[in-house]
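Here is how the chains run, residue by residue.
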Amino acid sequence: MQSVTQITVSELKKKLDNIIGFEIVGSHTAIANNIADLSDCNDSSLIWVSEKKARTIQLNEIVASLIFVPTSIRSEINADSKSCFIVSDNPRLAFALVVNDILKVNKYDGIH
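Residues numbered from 1 in each chain as written. Predicted model: local features only at pLDDT ≥ 70, side-chain atom pairs only at ≥ 80, totals over all residues. Heavy atoms only, no water.

Peer 1: Where do I start with the sheet that holds strand S2 (residues 23-26) in this structure?
Peer 2: Strands in a sheet are paired, the pairing made by backbone hydrogen bonds, and the direction either parallel or antiparallel. Strand order in this open sheet of six strands is S1-S3-S4-S5-S6-S2, and the pairing throughout is mixed. The sheet terminates laterally at strand S1 (2-8) and S2, the two strands that pair on one side only. Across the sheet, the axes of successive neighbouring strands diverge by a mean angle of 30°, strand direction being ignored. As judged from the two bridges shared by strand S3 (residues 31-35) and strand S4 (residues 45-48), these two strands associate in the parallel manner. In the strand pairing of S4, Asn-34 is matched with Ser-45. Strands in contact with helix H3 (residues 91-102) are S1, S3, S4, strand S5 (66-70) and strand S6 (84-88); relative to S4, the strand with the most contacts, it is inclined by about 145°. (Pairing = 2+ DSSP bridges. Helix = DSSP H or I, 4+ residues; strand = E, 2+ residues; numbered from the N terminus. Axes fitted to C-alpha atoms, helices over the stretch in contact; angles between N-to-C directions. Contact = heavy atoms within 4.5 Å.)

Set out below in structure tokens:
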């Protein structure tokens, strides 16, 4: 699990708007402060679930806060979920874009 600066649904929307198509299903107030794998996520985690994995688990029982999932399993998501599902044709790319943005490290030339 990797701790990161807190990210909200509205911030996530800003990062993805005009870059990749997506839909928000579930909580619009979810907040994440760590990036995790499905096996070690908690109620404040940002995770990505592949289509293959999504078909073998109960999506609505995942405890993560922000969950990237494929469009193909949209019908299995409870709209009243406490988690926020970011539904996309390419959830892995959407996840990577957000993670890359929140993990950016300022690079400086020279010695400081």
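Further notes follow.
Peer 1: Help me understand the nonpolar core in this model?
Peer 2: Judged by nonpolar contacts, the single largest core of 20 residues is most densely connected at Leu-12, Leu-16, Leu-46, Leu-66, Phe-68 and Ile-86. Elements supplying a minimum of two residues to this core: S1, helix H1 (9-16), S3, S5, S6 and H3. If one sorts the elements of this core by residue count, H3 sits on top with five residues. Beyond its immediate sequence surroundings of up to four residues, Ile-86 is in contact with Leu-12, Leu-16, Phe-22, Glu-23, Ile-24, Leu-66, Ile-67, Phe-68 and Val-69. Counting residues in hydrophobic clusters, the runner-up holds 15 residues, among them Val-49, Ala-54, Ile-62 and Val-87. (Core = buried A, V, L, I, M, F, W, Y, C linked by side-chain atoms within 4.5 Å. Buried < 20%, exposed > 50% of the residue type's maximum accessible area, 1.4 Å probe, protein only.)

Peer 1: I would appreciate a short explanation of the pairing of S6 in the present structure.
Peer 2: Each regular strand carries side chains that alternate between the two faces of the sheet. Burial of S6 is extensive: five of the five residues sit out of reach of the surface. Burial along S6 is two-sided: Cys-84, Ile-86 and Ser-88 and Phe-85 and Val-87, pointing in opposite directions, are all buried. Sheet analysis places S2 next to S6, joined by four bridges and oriented antiparallel. Within S6, the position partnered with Val-25 by the bridge is Phe-85.

Peer 1: I would appreciate a short explanation of the packing of aromatic side chains in the present structure.
Peer 2: For any pair of aromatic rings, geometry is given as the distance between the ring centres together with the angle between the planes. Across all of its chains, the model carries one aromatic pair by this definition. With centroids separated by 5.6 Å and ring planes inclined at 75°, the aromatic side chains of Phe-68 and Phe-95 adopt a geometry described as edge-to-face. Taken together, the positions of Phe-68 in strand S5 and Phe-95 in helix H3 put the pair 27 residues apart, joining distant regions of the chain. In this structure Phe-95 comes out as buried when scored by relative accessible area, which is 15%. (Phe/Tyr/Trp six-rings, centres within 6.5 Å; stacked < 30°, edge-to-face > 60°.)

Peer 1: Could you clarify how one ought to interpret H1 in this entry?
Peer 2: Since the α-helix advances by 3.6 residues per turn, residues separated by three or four positions end up pointing in the same direction. Within H1, the full set of buried residues consists of Val-9, Leu-12 and Leu-16. The arc enclosing the buried residues of H1, seen along the axis, measures out at 60°, which places them on a common side. On the buried face of H1, the contacting elements are S1, S2, S4, S5, S6 and H3. Just downstream of H1 lies Asn-18, where phi reads positive at about 65°. (Arc of directions from axis to C-beta.)

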